[in-house]
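# Architecture and fold: a report
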Amino acid sequence: MTRSIFRTTLAGAFLSALLLAASVLSSSPRALAADATPVMKDRWFYVSSGLRTDADVENIVSLIERASAVDLNGMLWAASWDGAHTWSPEVIARLEKVKAAADKGKIEIIPILWSVGYGTMTGFDPNLAEGLLVEDLPMTVHGDRALFEPEDVSIANGDMETWNGDQLTIDGFHDRPGAVSFRDDATVHGGATSLRFENLETQEHGHGRIMYRVDLTPGRVYRATVWAKGENLVGDVVIQAYNGNGSGVATGSIRVPREKDGSVTFDWTKMHVLFQAPEDGKMMLYAGIWRGKRGTMWLDDYEIEPLGLVNPLQRAGTPITVKSADGKTIYEQGKDWALPKFTVQPWKPDAESQPILLTEGSAIKDGEKLAVDFYYPPLVGAPQIGTCMSEPELYEYFEKSAEAVAKILNPQKWFLSMDEIRCAGTCKACKDRGISLAAILADCIEKQRAIIKDVRPDADVYIWSDMLDPNHNARADYYVCDGDYTGVWDLVPKDLIISCWYYDKRELSMKFFSERGFRTHGAAYYDTDDLKSCEDWFDVCKRTPNCVGIMYTTWERKYELLEDFGKLVAPKKASGKPLSQPGRSSRSSKR
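The shown structure was predicted, so the numbers you read here are calculated from the model rather than taken from an experiment.

## What to know about the overall build of the protein
When helices and strands are tallied, the protein shows 11 helices and 27 strands. Against the globule reference of 25 Å for 591 residues, the protein gives a C-alpha radius of gyration of 27 Å, in line with a compact fold. Overall, the C-alpha framework of the protein stretches about 90 × 60 × 45 Å when taken along its three principal axes. Sequence-distant contacts, at least 24 apart, represent 78% of the contacts inside the protein between residues at least 6 apart. Within the structure as shown, the protein displays about 26300 Å² of accessible surface, and the carbon and sulfur contribution to it stands at 50%. The average position of the 68 basic charges and that of the 84 acidic charges among the side chains of the protein differ by 9 Å.

The following block contains the structure:
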């Protein structure tokens with residue numbers, strides 16, 4: 001610190017005090033409410049498109065031109081930046097075309113990367129997935145291998161053959177028999193009848209679901225399957241598993257191309273969900289459509305099967321232990337047993353169970369009963385895979401991608417895609433650290449921030465709000481996490497910029513982070529048919545001290561309202577007219 005810093009004159013000090021007071025006044029809620037059109041520095045739109053083809057470039061450039069014309073100035077871009085260090089020269093060449101268009105349109109490119117909740121880096125090493133512990137899986141040796149011998153398990157009336165009118169005879173329910181759900185004798189997968197759903201638009205939430213209650217062996221892994229068929233169907237077709245208290249533990253979905261109107265039509269297709277039974281063994285198994293708007297769907301032949309050594313993770317933090325049935329003898333990998341050569345497929349709910357292979361000279365005997373402990377990666381939520389935040393190898397991949405992003409883009413703003421981390425703190429690597437789940441998450445975020453700062457010291461780092469927000473997902477009892485996220489907001493760096501996205505909690509969330517010294521950002525829109533929610537978000541953003549901006553956020557690549565959004569949030573003079581173009585070109589891009 002130089003001495004000149006201390007040579008402030010009295011007049012200079014007085015002027016500084018006036019400027020400080022003006023700054024505080026302008027950022028107060030009352031002052032912001034009086035100014036109906038404060039400038040949102042960050043006026044962004046979201047793009048989720050890679051650079052696989054020249055057509056991708058054309059589409060992105062078109063969006064950039066449209067956004068620039070209405071005074072938006074940033075593009076949050078999900079372009080698989082995690083793997084930027086592997087991009088080919090062809091992809092880099094396409095990136096250069098997008099960069100040129102962005103420079104011309106005064107649009108800043110913001111990369112979004114490292115989605116721990118959605119399996120970041122598991123494409124490079126699937127064993128980095130977070131795992132749930134399965135203990136004492138019974139296996140029996142047959143010659144040179146040990147196999148899982150499943151117990152008999154079934155779902156009562158899972159074949160959907162026993163009815164009372166339009167009501168299936170089951171331990172569970174299906175939505176509004178005779179009004180939304182019906183017996184169908186004409187369209188079936190197996191047997192004589194199936195369950196049909198229609199009139200979905202008459203349901204408050206568009207539900208067309210069936211639910212079975214089942215009692216299972218605690219701690220065991222199971223796979224449930226159901227056959228589905230759809231015609232002109234709009235909505236989310238899924239199969240789900242919930243524990244007895246109603247907490248979701250696993251989800252499976254159907255993936256078929258959508259028509260231009262958003263509908264899907266598909267013949268009989270098998271859906272899967274893989275899950276672990278809770279301590280009391282009580283489960284609720286669902287299948288059907290959520291948020292249905294129109295169309296017809298059929299379900300048939302709901303089945304369940306117990307699984308053995310399915311997708312066993314193989315890393316130091318997820319050890320596999322092979323024991324005698326009484327647990328008194330632990331057999332050594334490589335000396336007594338080995339795994340067959342296979343690839344962990346965490347995204348594949350129909351992955352096959354693996355045997356244990358006996359090595360030459362093994363102490364394990366033919367006919368012996370074994371108990372095996374292992375970790376498997378659960379598919380939860382969307383469905384999605386979580387990445388273990390405690391494995392050092394993960395951060396080596398982060399460093400590679402950050403170096404590549406800095407080299408090919410050198411952005412001044414970076415965005416951490418750290419949302420919806422629904423499986424965490426469950427593996428040995430996490431437990432051996434002896435710290436809270438909140439501390440594990442905060443440490444991961446701090447390491448990500450440090451990696452970015454290493455390649456771009458002046459970087460601004462943004463992050464989704466939900467895992468840091470007690471009004472959202474920063475809590476205990478979150479999906480299949482082991483631990484509590486509560487308090488994580490006090491453990492992360494205060495220079496993070498928090499992008500709030502939960503519409504119903506927008507007032508609480510923005511206020512929560514602002515009062516704790518964070519800058520905030522509003523992620524609005526989410527594919528509605530008008531800008532009412534954006535207007536509500538913009539109102540909150542204007543009234544929140546240290547809110548830096550707002551974003552047009554579309555998951556469905558729905559850009560019909562992009563121009564109207566730009567006009568809504570564009571900086572305006574006191575007269576209410578947009579600022580002139582030279583006023584916005586003063587922003588410098590530091591790519």
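From this point on, the discussion continues.
## A few points about the pattern of salt bridges
In the structure shown here, the tally under the stated rule is 36 salt bridges. Among the salt bridges present, the one from E198 reaches R196, with a minimum N-O distance of 3.3 Å. Its relative accessible area of 24% is what places E198 among the partly exposed residues. When its relative accessible area of 16% is taken as the criterion, R196 is described as buried.

## Side note on the environment of M510
If you trace the backbone, M510 turns up in helix α8 (residues 506–515). The buried category is assigned to M510, whose relative accessible area is 0%. Note: C-alpha distance between M510 and C541 (31 residues apart in sequence) is 7.8 Å. Not counting chain neighbours up to four residues away, the residues in contact with M510 comprise C500, T520, H521, W537, V540, C541, T544 and C547.

## Quick notes on the pairing of strand β22 (residues 369–376)
Within β22, seven of the eight residues are buried, leaving the element largely enclosed by the surrounding structure. Pairing analysis gives four bridges linking strand β17 (residues 321–324) to β22, with the strands arranged antiparallel. Bridging across to β22, K323 finds its partner in A371.

## Focus on the packing of aromatic side chains
Under the defined criterion, the tally for this structure stands at 25 aromatic pairs. Judged by centre distance (5.4 Å) and plane angle (85°), the rings of W77 and W81 are edge-to-face. Relative accessible area serves as the criterion here: at 0%, W77 is assigned to the buried category. On the accessibility criterion, W81 (0% relative accessible area) is buried. Centre to centre, the rings of Y222 and F275 are 6.0 Å apart; their planes meet at 25°, and the pair counts as stacked. A residue pair is termed long-range when its members are at least 10 positions apart, and Y222 in strand β12 (residues 221–243) and F275 in strand β14 (residues 264–276) qualify at 53 residues. The pair Y222 / F275 is uniform in exposure class, with both members buried. Through a chain of ring-to-ring contacts, three or more aromatic side chains come together here, namely W44, Y46, F415, Y462, W464, Y526 and W555. The aromatic ring of W298 is capped on one face by K229, whose charged end is 5.9 Å from the ring centroid. Positioned above the aromatic ring of Y395 is the side chain of K447, whose terminal nitrogen or guanidinium carbon lies 4.8 Å from the ring centre.

## So, the layout of surface pockets
Estimated volume of the second largest pocket: approximately 790 Å³. Lining the second largest pocket are 29 residues, and of these L132, Q276, A277, P278 and E279 sit closest to its centre. Counting residues per element, the ones that place at least two in the lining of the second largest pocket are β4 (132–142), β13 (248–253) and β14. With five residues, β4 is the largest single contributor of residues to the lining of the second largest pocket. Each residue belonging to the lining of the second largest pocket can be placed in one class, and the counts come to 16 nonpolar, six polar and seven charged.

## Section: the confidence of the model for the protein
For the protein, the mean per-residue pLDDT works out to 90, and 90% of the residues sit at or above 70. Predicted confidence is poor over residues 579–591, with pLDDT under 50, and the contacts of this stretch with residues over four places away or in other chains come to 26 contacts.

## Some thoughts on a negative patch on the surface
On the surface, E396, E399, E403 and D454 cluster together into a patch of negative charge. When residues in the negative patch are grouped by element, the largest group, three residues, is from helix α5 (residues 392–408). Examined against the element boundaries, D454 turns out to sit in helix α7 (residues 437–455).

## So, empty space enclosed by the protein
According to the stated counting rule, one finds one cavity of 30 Å³ or more in the structure shown. Of the pockets and cavities examined, the largest cavity occupies roughly 60 Å³. Considering the residues around the largest cavity, the lining is formed by L274, V310, N311, P346, K348, P349, Y376, P377, P378 and L379.

Cut-offs and rules
- Residues numbered from 1 in each chain as written.
- Predicted model: local features only at pLDDT ≥ 70, side-chain atom pairs only at ≥ 80, totals over all residues.
- Heavy atoms only, no water.
- Helix = DSSP H or I, 4+ residues; strand = E, 2+ residues; numbered from the N terminus.
- Rg over C-alpha atoms; globule rule 2.2 N^0.38 Å.
- Contact = heavy atoms within 4.5 Å.
- Areas by Shrake-Rupley, 256 points an atom, 1.4 Å probe, with all protein chains shown as cover.
- Lys, Arg positive; Asp, Glu negative; His and termini not counted.
- Charge placed at Lys NZ, Arg CZ, Asp CG, Glu CD.
- Salt bridge = Lys/Arg side-chain N within 4 Å of Asp/Glu carboxyl O.
- Buried < 20%, exposed > 50% of the residue type's maximum accessible area, 1.4 Å probe, protein only.
- Pairing = 2+ DSSP bridges.
- Phe/Tyr/Trp six-rings, centres within 6.5 Å; stacked < 30°, edge-to-face > 60°.
- Lys NZ or Arg CZ within 6 Å of the ring centre and 35° of its normal.
- 1 Å grid on protein atoms, 1.4 Å probe; cavity = no way out; pocket = protein on both sides within 12 Å on 5 of 7 lines; lining within 4 Å.
- Points joined across faces, edges and corners; volume = space filled by probe spheres on them.
- Nonpolar A, V, L, I, M, F, W, Y, C, P; charged D, E, K, R; others polar.
- pLDDT = per-residue confidence, 0-100.
- Patch = residues over 30% accessible without salt bridge, like charges linked within 9 Å, V, L, I, M, F, W, Y side chains within 5 Å.

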